[in-house]
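Listed below are the residues making up each chain.
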Number of protein chains: 2
Amino acid sequence: MNERDLVRILQRQSPLIGDDCAVLPNGRTDLLVTTDQFIEDVHFRRDTHSASDIGWAMLARGLSDIASMGGTPDYAFVSLALPEWAGASWVKGFYRGFHSLAKRHSVKLGGGDLSHAASLYCDVLVLGAVPRGKALLRSGATPGDTIYVSGPLGRPKKRPQPRVEIGQSLRGRATACMDLSDGLSLDLARLCEASCVGAEISAVPVGRGASIESALHGGEDYELLFTSRRRLPYFAIGTICTGRGVTFDGTPLEPRGYDHFAQRTTRSR
Amino acid sequence: MNERDLVRILQRQSPLIGDDCAVLPNGRTDLLVTTDQFIEDVHFRRDTHSASDIGWAMLARGLSDIASMGGTPDYAFVSLALPEWAGASWVKGFYRGFHSLAKRHSVKLGGGDLSHAASLYCDVLVLGAVPRGKALLRSGATPGDTIYVSGPLGRPKKRPQPRVEIGQSLRGRATACMDLSDGLSLDLARLCEASCVGAEISAVPVGRGASIESALHGGEDYELLFTSRRRLPYFAIGTICTGRGVTFDGTPLEPRGYDHFAQRTTRSR
């Protein structure tokens, strides 16, 4: 079982699953909802990430999902399961990191749940809004569209900056959009699959100190990946085409980004 | 550090924390949001709870929170972190339990997040609605109010029935309300603290096969605890009074219900 198999089980259960956020009709706006888990020894390590790094990064993941839909984030809810080593000072540090990012985007802490657990686990939910029918989806790319990314890729960041303003500016201009959380090769394959198209890319911008390998397959970039019929002031990396699959410099690009369950299977073999 | 200390750290960070749900203004309705964690070896055991029991019980916790505010649940979002032993058939069983309860309340699965982890972890978020300003809070009880519970207490249930219809019927009739998830003695103390009042109880209804001890201090009842100036067709267990603290049959009732962090401290000593 890999992540795609699991997501397919889930998609049969709900038409709302498939984009970075669920889009729920709510009067003149659509409500955006996204949840992201952040788990010790899966998404972070206790010895390399401070409490406030974790508070920041965890919120950044949710804000990046809202950004990818062109939305405005409003509230965050944080569920925390704390092991013995995470006491009051850890919790305070965590919320210090959380609030330093939340303030920049006027996001309010709405609540959450507390428990204990053998290792640290957190889950963040972000609620946002977008004008009705204006959410950017993965499924709108058509052949001939230019493919863009919002910044250089491949450099893992402890305090990623979610591209909320860029996402908002793309409403009505991008034909499809998602955020790069699991690596360009995997995420672009997902965008193409949702849009029933293929992609040819060549000029991938590589972050300072990063390799082309990590720019293509690394995760946690939190830049936006989007398509448009217009010329936009971002990094044009290629073109949407008919057919299926992604090519890089003319050769097929295997989707090798981060798959939670493929990863697990590999590890256990 | 106990749960109360932690909740105090959190309450200083957000005025929205303190009731079973956050209440967010949203036009003519208020949006209700609640999150609940369900963790292996903390909230359930793999050998005694089937996948579908867990799917049911986890959603029941969220629906019970919406019920306690007098609201109508609309969407649920499920974050799952799966250990090796929880494969595709476990996931299908989990969603079978989830949907059998969701259908009864017309709740739609809105989405969620998937990851792997060393032990099973899930977090459910439920979104609901209540007419503007009509949410039932913990803070409205006044001396002289009768204290009610919606059903007999003390019998742990694998498939609890959240009291959604009862909660809705209490709008405009109950002065304060919450759900009984951590035991009557602890939850009533919380309601009294939020309302700045005391309580005298005597006639606690005990579920079949349960002891008065578990009716007073057991958790996971998922009945509603509420106060009203009216006579209502539920179990009247006592009266709200001035002062502080709860008495049972005239003697002080120590709040001994389930505190996640007090529990942990006890265990580690």
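In this text the structure is predicted, and so the values were computed from the model without any measurement. (Residues numbered from 1 in each chain as written. Chains lettered and ligands numbered in written order. Predicted model: local features only at pLDDT ≥ 70, side-chain atom pairs only at ≥ 80, totals over all residues. Heavy atoms only, no water.)

Section: the overall build of chain A
The condition is simple: The helix count covers DSSP runs of H or I at least four residues long, the strand count covers runs of E at least two residues long, and both are numbered beginning at the N terminus. Buried, partly exposed and exposed residues are distinguished by accessible area as a fraction of the type maximum, computed with a 1.4 Å probe on protein chains only: under 20%, between the cut-offs, and over 50%, respectively. Contact definition: two residues touch when any of their heavy atoms are within 4.5 Å. Areas reported here follow the Shrake-Rupley algorithm with a probe of radius 1.4 Å; residue values treat only the protein chains shown as occluding.
A count of helices and strands for chain A gives 7 helices and 12 strands. Taking all 269 residues of chain A together, the buried fraction comes to 58%. Here the contacts in chain A between residues at least 6 apart in sequence split such that 86% fall between residues at least 24 apart. Entry remark: accessible area of chain A is about 10800 Å², with carbon and sulfur atoms responsible for 48%.

Quick notes on the sheet that holds strand β8 (residues 198–201) of chain A
Residue and element names in this part refer to chain A. How we decide: Strand pairing follows a simple DSSP-based rule, namely that at least 2 bridges must link the two strands. With axes taken as lines fitted to C-alpha atoms, and helix axes fitted only over the stretch in contact, angles between N-to-C directions fall between 0 and 180 degrees.
In spatial order, the strands read β7-β9-β6-β10-β8-β11-β12; together these 7 strands make up an open sheet with mixed pairing. Looking at which strands have only one partner, the edges of the open sheet turn out to be β7 (176–179) and β12 (251–252). Bridge analysis of strand β11 (residues 246–248) against β12 gives 2 bridges, and the strand direction is antiparallel. Bridging across to β12, F248 finds its partner in T251. Across the face of the sheet, helix α2 (residues 51–68) comes into contact with β7 and β9 (224–228) while running at roughly 175° to β7.

What to know about helix α3 (residues 88–104) of chain B
Owing to its 3.6 residues per turn, the α-helix aligns residues three or four sequence positions apart on the same side. Residue and element names in this part refer to chain B. Rule in force here: Between the first and last residue of a helix there are one fewer steps than residues, each counted as 1.5 Å, and that sum is the expected span.
With 17 residues, α3 should cover 24 Å at 1.5 Å per step; its first-to-last C-alpha distance of 25 Å lies within 8% of that length. All buried positions along α3 are accounted for by W90, V91, G93, F94, Y95, G97, F98, H99, L101 and A102. Backbone geometry just downstream of α3 places S106 in the positive-phi region, at approximately 50°.

Some remarks on the packing of helix α2 (residues 51–68) of chain B against α3(B)
Residues and elements named next belong to chain B. Convention followed: In these notes the angle categories are as follows: under 35 degrees is roughly parallel, over 145 is roughly antiparallel, 65 to 115 is roughly perpendicular, and the rest is oblique. It is the rotation of the near helix from the far one that decides the hand of a crossing: anticlockwise by less than a right angle makes it left-handed, clockwise makes it right-handed. Think of it as three bins: nonpolar holds Ala, Val, Leu, Ile, Met, Phe, Trp, Tyr, Cys and Pro, charged holds Asp, Glu, Lys and Arg, and polar takes everything else, Gly as well.
For the pair α2 and α3, interaxial distance at closest approach is 6 Å and the crossing angle is 40°. In terms of orientation, α2 lies oblique with respect to α3. Considering the relative orientation of α2 and α3, their crossing is right-handed. Between α2, through A51, S52, I54, G55, W56, M58, L59, A60 and L63, and α3, the contact on the second element is made entirely by W90, G93, F94, G97, F98, S100, L101, A102 and R104. In terms of residue class, the contact of α2 with α3 is made up of 12 nonpolar, 5 polar and 1 charged.

A look at helix α5 (residues 184–195) of chain B
Residues and elements named next belong to chain B. Taking 1.5 Å as the rise per residue, α5 with 12 residues should run 16 Å; its terminal C-alpha atoms sit 16 Å apart, in good agreement. Among all positions in α5, only L184, S185, L186, D187, L188, L191, C192 and S195 are buried. Of the residues one or two after α5, C196 is the one with positive phi, at around 55°.

Here we look at the packing of aromatic side chains
Centre-to-centre distance and the angle between the planes together describe a pair of aromatic rings. To be explicit about the condition: Each Phe, Tyr or Trp ring, with Trp reduced to its six-membered ring, pairs with another whose centre is within 6.5 Å; inter-plane angles below 30 degrees give stacked pairs, above 60 give edge-to-face pairs, and intermediate values give tilted ones.
All chains considered together, the criterion is met by 15 aromatic pairs over all chains. The interplanar angle of 85° and the centroid separation of 6.0 Å between the aromatic rings of A:W85 and A:W90 together place this pair among those described as edge-to-face. Judged by relative accessible area, which is 26%, A:W85 ranks as partly exposed. For A:W90, a relative accessible area of 11% puts it in the buried group. Summarising the aromatic geometry, the rings of A:Y121 and B:Y121 are spaced 2.8 Å apart at their centres and angled 25° between planes, so their arrangement reads as stacked.

A closer look at the sheet that holds strand β5 (residues 121–131) of chain A
Residue and element names in this part refer to chain A. Across the sheet, 5 strands lie side by side as β1-β2-β5-β3-β4; this open sheet has mixed pairing. Strands with a single pairing partner mark the edges of an open sheet, and in this sheet they are β1 (22–26) and β4 (108–116). Pairwise comparison of adjacent strand axes, ignoring direction, gives a mean angle of 20° for this sheet. Judged from the 5 bridges that link them, β1 and strand β2 (residues 29–39) form a sheet pairing that is antiparallel. Bridge assignment links L24 to a residue of β2, and that residue is L31. Where α2 meets the sheet, its contacts fall on β2, β3 (72–82) and β5, and the angle it forms with β2 comes to roughly 145°. Against the sheet, helix α3 (residues 88–104) makes contact with β3, β4 and β5, and its axis sits at roughly 165° relative to β3, the strand it touches most.

A closer look at the pattern of salt bridges
Residues and elements named next belong to chain A. What counts here: Whenever a carboxyl oxygen of Asp or Glu lies within 4 Å of a side-chain nitrogen of Lys or Arg, that contact is scored as a salt bridge.
Tallied over the full model, the rule gives 24 salt bridges over all chains. Across the pair R61 and E220 runs a salt bridge whose closest N-O atoms are separated by 3.6 Å. Here R61, found in helix α2, pairs with E220, found in the loop between α6 (212–217) and β9; they are 159 residues apart in sequence, far enough to count as distant. Taking relative accessible area as the criterion, R61 reaches 9% and is therefore assigned buried.

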